[in-house]
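Descriptive analysis of the structure
Now for the letters of each chain:
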Amino acid sequence: MSTSSKYGRVFDGSSFEEITHPIASNNNNEASGGAYEPIPPTNNNNHGFTNKFDSKTTPIFVSIPHFRDGKRCAQTVHRLFDTAAHPDRVVVGLIEQTDSTGSSSDSSSTDDDPTCLMEYCALIGHQMKQHEPGVSHMAERQADYDAVLEACPRATTQIRSVRFHHFGSKGPVYARSFTRKLLGNEEFCMEIDASMDFVKNWDNAAIEQWKLTNNEYAVLSNVPLSAKDKGVASPIAVEVPRQCEIKIGSEGVPLFETHADGKAIGITQPLLSRTYSPSFVFSKCHYQTNVPQDPFAVQLLNTEQFPHFARLWTRGYDVYTPAFNLVYKDNSDLHPLHHIAGHGEKGEKKWPRNDNERRDAHVRMKVMLNIHHGITNSEISSMTAGGSGGGGGRMITARANLGIYGLGRRRTLDQLLQFASIALPDSEFRGQYGNEGKGCANLNWVPYDKSISPRANLFDGTGKADDLDLEPEFSLLRTLPDTGDYLFPMGGDVTTWKDQAAVVNQGGIPQTETSVSSNVPYSFVFLLWVLGLYVWYASFVDTASNDDRGRSSRARRRVLSKKPVRKVTPLSERALKNV
């Protein structure tokens, strides 16, 4: 075996395979004269850059969810801006799940469980003072909080956040679904974990790698290399982690390896892949709106990854392993709640467990992939509005009800199984098999009808759905972006949107009813609460007191007049039914 090849090679976990063409997405086009090629990158003319996407201001949105990991998250945000070639174009969306009962109330959490935003500000020298607890000190705490945010670079212009108590957490997929509250009018989007490091000038490098795919629907994704290996060069060629094996899990749902079981070595361009990792995803932002994270896939870790890949692939998106490492996983300086063991029985690194919700989410993944084994008729019927009957008709209705959270129409499930070299189990849990990592190097790009929208759902127009899942509302978007222009309007006043867009492009959040901001003035909220309390007292308590006084006065009058009070015979049960 030679140590190098023209286009690189792939190790699938057990053997090496040479790459036979420069980019896997085009290897089946020679016979067709190039008729079946991906849709090339398209300029939507929204940000004033050229088709080469070489503008220094092309905006990039980076979503970072974290579960009680504010300190490492803050380090990640600091590195993100510090290593970018053009940090002013980077906008961060934080999904914070922390203990919000700390001494600083509205602004940060306890010392060992801080919010990422305030920890980031403290990291660069802007830290809140220690304040006495209690309502009487709320105003001074709020003033200190506002002053820190005002002084903290990028905090109010390039960082958006949504925060909720960790008791309300339901797993990583549920957390990532809150991207809909933070995504603005950016062109490129990146998903990462809370503890990451980056290659120098990662923003330029990621866009260049994406451009090399020559595919508008390209998604760069792979399991990140460990940060301890950053800067450690291979004596032969650059090695990039790559997932190859797909197994069939105990529930019948295909599973990716949690680690990279293979690697791409010395590849010259991004390489078509049949797996994806939520730890690193880089794409156009229409990927976020066309394949939104499923908020109903709660309590799941790995089970949701292949179904999500099925959703993006059947909607025309293609995943590529980048030619070199763009991001790194940093497991140093662990948070006290995130020790090496992780997901322990005492709740370390663990959201509140709900087995019923987890079971429902498993059923949802099976329904999407048309896996009948292990699902009862009542479970299928719970996803429909048509009663408790079972059968194939109920399964079709349940799949149709998934809507945007189900499969697309550009490619079929059968094509996906052939592409991944796997088989799903039948109703008797037979016939399933994984791919053992084989055939990981030279994958064929699967063509589709380009006239079909990526937002087209598998069962659109069939009339099968009877309780369709609602689509997510992207609070800062008036339209859903797609190739060429914005094809899918969501409504709203054009003038209002222009005003909002000016704020979004600066990284801020317009203060609309649907927007989420961590910068709400809590003193104002407190005044509203006091006003509401007064209205409630005036409407109910005072009215009740007047009624009591009225009843006492009438009673006194009856006593003084010495008139007997007539007893009212209560209505019978029969009479009550006729009322």
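As the structure is a computational prediction, the values presented were derived from the model and not from experiment. (Residues numbered from 1 in each chain as written. Predicted model: local features only at pLDDT ≥ 70, side-chain atom pairs only at ≥ 80, totals over all residues. Heavy atoms only, no water.)

Overview of the overall build of the protein
For the protein, the count of helices and strands is 14 helices and 19 strands. Residue burial in the protein is summarised as follows: out of 579 residues, 50% are buried. (Helix = DSSP H or I, 4+ residues; strand = E, 2+ residues; numbered from the N terminus. Buried < 20%, exposed > 50% of the residue type's maximum accessible area, 1.4 Å probe, protein only.)

Overview of the sheet that holds strand S17 (residues 327–329)
Strand order across the open sheet formed by 3 strands is S7-S17-S9, with mixed pairing between neighbours. For this open sheet the edge positions go to strand S7 (196–198) and strand S9 (225–226), each flanked by a neighbour on one side alone. In this structure, S9 lies alongside S17, joined through 2 bridges in parallel fashion. What sits directly across from Leu225, in S17, is Tyr328. (Pairing = 2+ DSSP bridges.)

Let's talk about the state of the cysteines
All told, the structure shown has 4 disulfides when counted by the stated rule. Paired by a disulfide, Cys121 and Cys152 hold their sulfur atoms 2.3 Å apart. Judged by the sign of its S-S torsion, about -100 degrees, the bond between Cys121 and Cys152 is left-handed. Taken as a pair, Cys121 in helix H2 (residues 116–123) and Cys152 in the loop between helix H3 (138–151) and strand S5 (159–165) lie far apart in primary sequence, 31 residues in all. Side by side, Cys121 and Cys152 carry an identical accessibility label, which is buried. Numbered in order of appearance, the disulfide-bonded cysteines of the protein are paired 1-2, 3-4, 5-7, 6-8. (Disulfide = S-S within 2.5 Å.)

Here we look at the packing of H2 against H3
Where H2 contacts H3, the two axes come as close as 10 Å, and the packing angle between them is 65 degrees. The handedness of the crossing between H2 and H3 is left-handed. For the pair formed by H2 and H3, the contact residues are Leu117, Met118 and Cys121 on the first element and Tyr145, Val148 and Leu149 on the second. When the residues that make up the contact of H2 with H3 are grouped by side-chain class, the tally is 6 nonpolar, no polar and no charged. (Axes fitted to C-alpha atoms, helices over the stretch in contact; angles between N-to-C directions. Left-handed = near helix turned anticlockwise from the far one by under 90°. Contact = heavy atoms within 4.5 Å. Nonpolar A, V, L, I, M, F, W, Y, C, P; charged D, E, K, R; others polar.)

Overview of the confidence of the model for the protein
For the protein, per-residue confidence averages 79 on the pLDDT scale, and 73% of positions sit at 70 or higher. Under a pLDDT of 50 for its full length, residues 29–35 has, in the predicted model, 3 contacts with residues more than four places off or in other chains. Throughout residues 45–51 the model reports pLDDT below 50, and contacts reaching past four residues in sequence, or to other chains, amount to 14 contacts. (pLDDT = per-residue confidence, 0-100.)

What to know about helix H1 (residues 70–83)
With 14 residues, H1 extends 20 Å between its outermost C-alpha atoms, agreeing within 8% with the 20 Å of an ideal straight helix rising 1.5 Å per residue. For H1, every residue scored as buried is listed here: Gly70, Arg72, Cys73, Ala74, Thr76, Val77, Arg79, Leu80, Phe81 and Thr83. (Expected span 1.5 Å × (residues − 1).)

Comments concerning the sheet that holds strand S4 (residues 90–98)
Reading across the sheet, the 8 strands line up as S5-S4-S3-S6-S15-S8-S16-S14 and stay open at both edges, with mixed pairing between neighbours. At either end of the open sheet lies a strand with only one pairing partner, and these are S5 and strand S14 (271–273). With direction set aside, neighbouring strand axes in the sheet form an average angle of 25 degrees. Where H2 meets the sheet, it contacts strand S3 (60–67), S4 and S5, and its direction lies at approximately 120 degrees from that of S4. Its contacts with the sheet place helix H5 (residues 202–212) against S3, S4, strand S6 (188–192), strand S8 (218–221) and strand S15 (280–284), and it is angled at close to 65 degrees to S15.

Overview of the nonpolar core
Core analysis: the largest hydrophobic core is formed by 90 residues, its most contacted members being Val77, Trp202 and Phe282. When sequence neighbours within four positions are dropped, the list of residues in contact with Val77 reads Ile64, Val92, Leu94, Cys116, Tyr120 and Ile159. Within the second largest apolar cluster, 15 residues are counted, among which are Tyr174, Ala175, Phe178 and Leu182. (Core = buried A, V, L, I, M, F, W, Y, C linked by side-chain atoms within 4.5 Å.)

Description of the pairing of S6
A large share of S6 lies buried, amounting to 5 of its 5 residues. Here S6 shows two buried faces, one formed by Phe188, Met190 and Ile192 and the other by Cys189 and Glu191. Two elements, S6 and S15, share 5 bridges in a ladder whose sense is antiparallel. Residue Ile192 lies in a different strand from S15, and its bridge partner there is Phe280.

Focus on the side chain of Asn435
Mapped onto the elements, Asn435 comes out in the loop between helix H11 (413–420) and strand S18 (479–481). Among all residues touching Asn435, those that are not within four sequence positions of it are Cys244, Glu245, Ile246, Arg274, Ala420, Ser421 and Ile422.

Observations regarding the pattern of salt bridges
This structure, assessed with the given rule, holds 26 salt bridges. Put simply, Lys284 and Glu216 hold a salt bridge, and the shortest N to O gap is 2.8 Å. Separated by 68 residues along the polypeptide, Lys284 in strand S15 and Glu216 in the loop between H5 and S8 bring together distant segments of the chain. Given a relative accessible area of 1%, Glu216 falls into the buried group. (Salt bridge = Lys/Arg side-chain N within 4 Å of Asp/Glu carboxyl O.)

Points about unusual backbone geometry
One non-glycine residue, Asn201, lies in the positive phi region at around 60 degrees. Examined against the element boundaries, Asn201 turns out to sit in the loop between S7 and H5. The phi torsion at Ser421 lies on the positive side, around 60 degrees, for a residue other than glycine. Looking at where Ser421 falls in the secondary structure, it is placed in the loop between H11 and S18. What makes Ser421 partly exposed here is its relative accessible area of 36%.

Here's the deal with the packing of helix H7 (residues 305–314) against H11
Look at H7 against H11: their axes get within 10 Å of each other, and the N-to-C directions meet at 115 degrees. Judged by the twist between their axes, the crossing of H7 over H11 is right-handed. Facing H7, whose interface residues are Phe306, Phe309, Ala310 and Trp313, H11 presents Gln415, Leu416 and Phe419.

A look at the environment of Tyr328
Along the chain, Tyr328 turns up in strand S17. Classification of Tyr328 as buried rests on a relative accessible area of 8%. Between the alpha carbons of Tyr328 and Phe280 there is a distance of 9.1 Å; along the sequence they are 48 residues apart. Every residue in contact with Tyr328, bar those within four places of it in the chain, is listed here: Ser195, Met196, Asp197, Phe198, Val199, Pro224, Leu225, Ser226, Ala227 and Lys230.

Quick notes on the packing of aromatic side chains
Aromatic ring pairs are reported here in terms of the distance separating the ring centres and the angle at which the planes meet. Tallied over the full model, the rule gives 16 aromatic pairs. The ring of Phe178 has Arg180 lying over it, and the distance from NZ or CZ to the ring centre is 4.9 Å. Directly above the ring of Trp313 sits Arg411, whose terminal nitrogen or CZ lies 4.5 Å from the centroid. (Phe/Tyr/Trp six-rings, centres within 6.5 Å; stacked < 30°, edge-to-face > 60°. Lys NZ or Arg CZ within 6 Å of the ring centre and 35° of its normal.)

Section: helix H8 (residues 355–368)
Residues separated by three or four positions in an α-helix point in the same direction, a consequence of the helix having 3.6 residues per turn. Between its terminal C-alpha atoms H8 stretches 20 Å, which fits the 20 Å expected from 14 residues at 1.5 Å a residue. Listing the buried residues of H8 in full gives Ala361, His362, Val363, Arg364, Met365, Lys366, Val367 and Met368. With a side-chain oxygen lying 3.1 Å from the backbone nitrogen of Asn356, the N-terminal cap of H8 falls on Asn354. Phi turns positive, to about 60 degrees, at Asn370, one or two residues after H8. (Polar contact = N/O pair within 3.5 Å; in protein donor to acceptor, adjacent residues only side chain to side chain.)

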